[in-house]
Amino acid sequence: MNKPIATMARTNEILEKYDLYAKKNFGQNFIIEPGIVEKIARLSKADEHSAVIEIGPGIGALTEQLAHVAGQVLAFEIDDRLIDVLADTLSACLNVTVVHQDFLEADLNATVSQLKTTWDQVLVCANLPYYITTPILFKIFESKADIPVITVMMQKEVADRFTASVSTKDYNALSVIVQYQYQVQTVMKIPKTIFNPRPAVDSAVVQFTKKQPDRIAGDEALFFAMVKGCFKQRRKTLYNNFREYLQDKEEAMRLLNEAGLEPSLRAETMTLDQFLDLYEVTYETKS
Ligand code: SAM
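Criteria and thresholds
Residues numbered from 1 in each chain as written. Predicted model: local features only at pLDDT ≥ 70, side-chain atom pairs only at ≥ 80, totals over all residues. UniProt positions renumbered as here; feature names shortened; annotations may be inferred. Helix = DSSP H or I, 4+ residues; strand = E, 2+ residues; numbered from the N terminus. Buried ≥ 20, exposed ≤ 12 C-beta atoms within 10 Å, placed from the backbone. Contact = placed C-beta atoms within 7 Å. Near = placed C-beta within 6 Å. Axes fitted to C-alpha atoms, helices over the stretch in contact; angles between N-to-C directions. Left-handed = near helix turned anticlockwise from the far one by under 90°. Nonpolar A, V, L, I, M, F, W, Y, C, P; charged D, E, K, R; others polar. Pairing = 2+ DSSP bridges.

- With an unreviewed UniProt entry as reference, the protein is termed Ribosomal RNA small subunit methyltransferase A, source organism Holdemania massiliensis.
- A UniProt comment under Sequence similarities (unreviewed entry) is attached to the protein, and it reads "Belongs to the class I-like SAM-binding methyltransferase superfamily. rRNA adenine N(6)-methyltransferase family. RsmA subfamily."

1. Comments concerning the UniProt feature "binding site: S-adenosyl-L-methionine" (unreviewed entry) in the protein
In step 1: The UniProt record marks Asn29, Ile31, Gly56, Glu77, Asp102 and Asn127 with the feature "binding site: S-adenosyl-L-methionine" (unreviewed entry), using the residue numbering of this structure.
In step 2: Looking at the secondary structure, you find glycine 56 in the loop between strand S2 (50–55) and helix H3 (61–69).
In step 3: We classify glycine 56 as buried; it has 22 C-beta atoms within 10 Å.
In step 4: Setting aside anything within four residues of it in sequence, one finds glycine 56 in contact with Glu77, Ala126, Asn127, Leu128 and Pro129.
In step 5: The class of aspartate 102 is exposed, set by 11 C-beta atoms lying within 10 Å.

2. What to know about the site of the ligand
In step 1: Contacts to the ligand come from 22 residues, most closely from Gly56, Gly58, Phe103, Asn127 and Pro129.
In step 2: Of all the elements in the fold, those that place two or more residues in the shell around the ligand are strand S1 (30–31), H3 and strand S3 (72–77).

3. Some remarks on the UniProt feature "domain: Ribosomal RNA adenine methylase transferase N-terminal" (unreviewed entry) in the protein
In step 1: Taking the numbering used here, the UniProt-annotated feature "domain: Ribosomal RNA adenine methylase transferase N-terminal" (unreviewed entry) corresponds to residues 36–212.
In step 2: Taken end to end, residues 36–212 is 35% helix and 28% strand, and its first and last C-alpha atoms sit 30 Å apart.

4. Considering the environment of serine 143
In step 1: By the element assignment, serine 143 lies in the loop between helix H6 (133–142) and strand S6 (149–155).
In step 2: Taking the C-beta count within 10 Å as the criterion, serine 143 has 15 such neighbours and is therefore assigned partly exposed.

5. Examining the packing of helix H9 (residues 220–230) against helix H12 (residues 272–284)
In step 1: Their axes nearest at 10 Å, the elements H9 and H12 cross at an angle of 115 degrees. Here the hand of the crossing between H9 and H12 comes out right-handed. Seen from H9, the contacting residues are Leu222, Phe223, Met226 and Val227; seen from H12, they are Phe275, Tyr279, Thr282 and Tyr283.
In step 2: Its residues assigned to classes, the contact of H9 with H12 comprises 7 nonpolar, 1 polar and no charged.

6. Digging into the sheet that holds strand S7 (residues 182–190)
In step 1: Spatial ordering of the open sheet is given by S4-S3-S2-S5-S6-S9-S7, a layout of 7 strands whose pairing is mixed. Edge positions in the sheet fall to strand S4 (96–100) and S7, since each of these pairs with one other strand and no more. Taking each pair of neighbouring strands and ignoring which way they run, the sheet shows an average axis angle of 20 degrees.
In step 2: Across the sheet, helix H8 (residues 173–181) touches S7 and strand S9 (203–210), and the angle it forms with S7 is around 110 degrees.

7. With respect to the pairing of S2
In step 1: Most of S2 sits out of view: 6 of its 6 residues are buried.
In step 2: What you see with S2 is no split at all: Ser50, Val52 and Glu54 on one side and Ala51, Ile53 and Ile55 on the other are buried throughout.
In step 3: Relative to strand S5 (residues 121–127), S2 runs parallel, the two sharing 4 bridges. By the bridge assignment, serine 50 is partnered in S5 with glutamine 121.

Take a look at the structure:
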């Protein structure tokens, strides 16, 4: 029986057999620590009734472990060199389908709806290509696809922004927008030593669990635009950013007063509830 793909010996054997090298422009860093991929697959919340979407299977290290815990794995890989390799390395995993496509081009809503006809839930689990971590996640967040849990590895600095609490240096518009929709948690810290080739930075596995929010914005796109406006220039006060966003000084001051927010505040000290207060007085009490 073959050793797991994520062992250093097996990874080197596969890379040599196919004369493969990691392509930097595709963000390729292969995990060479079987315990880590096993643990990520376990953390994904997948079971035999679930389908898992993986973005960037590489040579199949995590895919193989996901195939052990999930009913089906659908893996999107952009690099044409890897399609034949994956057919070989994952030949024993009959529940894996590899799609040769740029994930950013995929029709995610249709894919998830199709999978939901067979499986109880559809999850996402991946070691993401770091150069497009945010676009990939926002494609998922902004889709209407029913994906209750997303478990993904990313650069530690990016993880810190997603998980940042109010009044910390990493807290920004992205933290607020994501935490509005998801419970966000770092579930594993990953040293750079477990990759081939070794990246310059450490990584973390972040889990996004869909929330049933107590408060929702009627027009989410407008709420997100307002939050981005409030953070536009980090060193400026809330009043200065908000009046620029609204293009109306008096109205900005009036709305801040109505929401009970000090004009001298900075967005980085505002909680999600305070942003929702401001959104409500600005957009929802008008009629
Ligand atoms: N899952 C493997 C592992 O953990 O060892 C490889 C992860 S590697 C960090 C990222 C993978 O994403 C590579 O296989 C790369 O070719 C693939 N990739 C990069 N951009 C992509 C895109 N837009 N759509 C799908 N896959 C992509």
